[in-house]
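Fold and geometry: a report
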Amino acid sequence: LDPACGGGAFLAPVARRIVDAMGPCEPRILLQNVAQRLRGYEIDPFAAWLAQVTLDAVFLPVTRSCGRRLPTVVAVCDTLRAGAPCELFDLVIGNPPYGRVRLNAAERRRFQRCLFGHANLYGLFTEVAIRHAKPGGVIAFVTPTSFLAGEYYKKLRGLLANEAPPRSIDFL
């Protein structure tokens, strides 16, 4: 899952890895497997369309060989306003949006586990990632380093420590 997939820059390489990992198998089975395992959520309809087209390009040889299209795996939705996840994922990956955001009282309650003071979008998306990851799953996000220190991110750090302890943090 990429919960803020934009044009699919993270989904396309994951899709390529799925194709490579499946090895030689029936194209219909490969498309069914991807349709069950790969998801992108995006609030911007054009970006969601672009992500789906990018995935269609990755799977073009497969879809041509079996005469079927890749099922839609990118949904247009507001990830932060969506309800509880219907499915959990082995990998939640992405480059979530950054920036301070104002939340109403209901939204603050929904994200209270990660909030102290003002809210930042990437902190909210980090909590969403925790909700969508299977136990033992991997969350791989590109984020600013600001959450590593400072008062505003102490609840987010606590949430990560308790529910998704980092195995690795890389600085780029």
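Quick look at the structure, then. (Residues numbered from 1 in each chain as written. Predicted model: local features only at pLDDT ≥ 70, side-chain atom pairs only at ≥ 80, totals over all residues. Heavy atoms only, no water.)

**Thoughts on the overall build of the protein**
Heads up, the condition is: For helices the rule is a DSSP run of H or I covering at least 4 residues; for strands it is a run of E covering at least 2, with both sets numbered from the N terminus onward. Radius of gyration means the value over C-alpha atoms here, while the globule rule gives 2.2 Å times the residue count to the 0.38 power. The buried label applies to any residue whose accessible area, calculated with a 1.4 Å probe on protein chains only, is under 20% of its type's maximum; exposed applies above 50%, and partly exposed to all values in between. Any pair of residues with heavy atoms lying within 4.5 Å of one another is described as a contacting pair. To measure how exposed things are, a 1.4 Å probe is used in the Shrake-Rupley method; for residues, cover is taken only from the protein chains shown.
Check the secondary structure of the protein and you find seven helices and six strands. The order of α-helices and β-strands along the protein, N terminus first, is α-α-β-α-α-β-β-β-α-β-α-β-α. At 17 Å, the protein has a C-alpha radius of gyration in line with the 16 Å of a compact globule built from 172 residues. Expressed along its principal axes, the backbone C-alpha trace of the protein runs to roughly 55 × 30 × 30 Å. Residue burial in the protein is summarised as follows: out of 172 residues, 40% are buried. Put simply, 71% of the contacts in the protein that link residues at least 6 apart link residues at least 24 apart. Within the structure as shown, the protein displays about 9800 Å² of accessible surface, and the carbon and sulfur contribution to it stands at 57%.

**Things to note about the packing of helix H1 (residues 11–22) against helix H2 (residues 27–37)**
Stated precisely, the cut-off is as follows: With axes taken as lines fitted to C-alpha atoms, and helix axes fitted only over the stretch in contact, angles between N-to-C directions fall between 0 and 180 degrees. By definition in this entry, angles of less than 35 degrees are roughly parallel, angles greater than 145 are roughly antiparallel, angles of 65 to 115 are roughly perpendicular, and the rest are oblique. What makes a crossing left-handed is the near helix being turned counterclockwise from the far one by less than a right angle; a clockwise turn instead makes it right-handed.
At a closest axis distance of 11 Å, the pairing of H1 and H2 adopts a crossing angle of 135°. As summarised for this structure, H1 and H2 are arranged oblique, according to the angle between their axes. Judged by the twist between their axes, the crossing of H1 over H2 is right-handed. Contacts between H1 and H2 involve Ile18, Val19 and Met22 from the former and Ile29, Leu30, Asn33, Val34 and Arg37 from the latter.

**Things to note about helix H7 (residues 154–163)**
Definition in use: Arc, as used here, means the arc of the directions from the helix axis to the C-beta atoms.
All buried positions along H7 are accounted for by Leu156, Leu159 and Leu160. With its buried residues spanning 95° around the axis, H7 presents them on a single face. In this structure, the buried residues of H7 make contact with helix H6 (121–132).

**Section: the nonpolar core**
The condition is simple: For the purposes of this section, nonpolar cores are sets of buried Ala, Val, Leu, Ile, Met, Phe, Trp, Tyr and Cys residues that join through side-chain atoms within 4.5 Å.
Core analysis: the biggest nonpolar cluster contains 25 residues, and Leu80, Val92, Phe111, Cys114, Leu115 and Leu124 have the highest contact counts within it. Only strand E3 (89–94), H6, strand E6 (133–141) and H7 provide two or more residues apiece to this core. Element by element, the count of residues in this core is highest for H6, at seven residues. Apart from the residues within four sequence positions on either side, Cys114 is in contact with Gly123, Leu124, Glu127, Lys155, Leu156 and Leu159.

**Some details on the side chain of Thr79**
Threshold: Each polar contact in these results corresponds to two N or O atoms within 3.5 Å; when the atoms are within protein, one needs to be able to donate a hydrogen and the other to accept it, and residues that are neighboring in sequence are counted only if both atoms are side-chain atoms.
Position of Thr79 among the secondary structure elements: in the loop between strand E2 (74–76) and E3. You can call Thr79 buried: its relative accessible area is 6%. In terms of polar contacts, Thr79 uses its side chain to reach the backbone carbonyl oxygen of Pro3, at 2.6 Å. Residue contacts for Thr79: discarding those within four places in its chain leaves Pro3, Tyr41, Arg110, Phe125 and Val128.

**Topic: a nonpolar patch on the surface**
Here is the rule: Only residues above 30% relative accessible area that lack a salt bridge enter a patch, with like-charged residues linked at up to 9 Å and the nonpolar side chains Val, Leu, Ile, Met, Phe, Trp and Tyr linked at up to 5 Å. Whenever a carboxyl oxygen of Asp or Glu lies within 4 Å of a side-chain nitrogen of Lys or Arg, that contact is scored as a salt bridge.
Judged by side-chain polarity, Phe46, Trp49, Leu50 and Val53 come together as a nonpolar surface patch covering roughly 400 Å² of accessible area. Its relative accessible area of 55% is what places Phe46 among the exposed residues.

**A few points about the side chain of Asp2**
The condition that has to hold: In this count, Lys and Arg are taken as positive residues and Asp and Glu as negative ones, while His and the chain termini are left out.
With respect to the helices and strands, Asp2 occurs in the segment before H1. The side chain of Asp2 is buried and forms no salt bridge, while Arg39, the nearest opposite charge, is found at 13 Å. At a separation of 3.1 Å, a polar atom in the side chain of Asp2 contacts the main-chain amide nitrogen of Ala4. Within the structure, Asp2 has its side chain in polar contact with the backbone nitrogen of Cys5 (distance 3.4 Å).

**Topic: the packing of aromatic side chains**
Put simply, the test is: Geometry of aromatic contacts follows a simple scheme: Phe, Tyr and Trp rings, the Trp one being its six-membered ring, pair when their centres are within 6.5 Å, and the pair is stacked under 30 degrees between planes, edge-to-face over 60, tilted otherwise.
All chains considered together, the criterion is met by three aromatic pairs. Ring centres of Tyr98 and Tyr122 lie 5.9 Å apart, and the angle between their planes is 85°; this geometry places the pair in the edge-to-face category. One end of the pair, Tyr98, is in the loop between E3 and strand E4 (100–101); the other, Tyr122, is in helix H6, with 24 residues separating them in the sequence. For Tyr122, a relative accessible area of 1% puts it in the buried group. Consider the rings of Tyr122 and Tyr153, whose centres lie 5.7 Å apart with planes at 20°: the pair is stacked. Taken together, the positions of Tyr122 in helix H6 and Tyr153 in the loop between E6 and H7 put the pair 31 residues apart, joining distant regions of the chain. No difference in accessibility class separates Tyr122 from Tyr153, as the two residues are buried. Aromatic ring contacts, followed pair by pair, group Tyr98, Tyr122 and Tyr153 into a single cluster.

Structural measurements only, silent on function.
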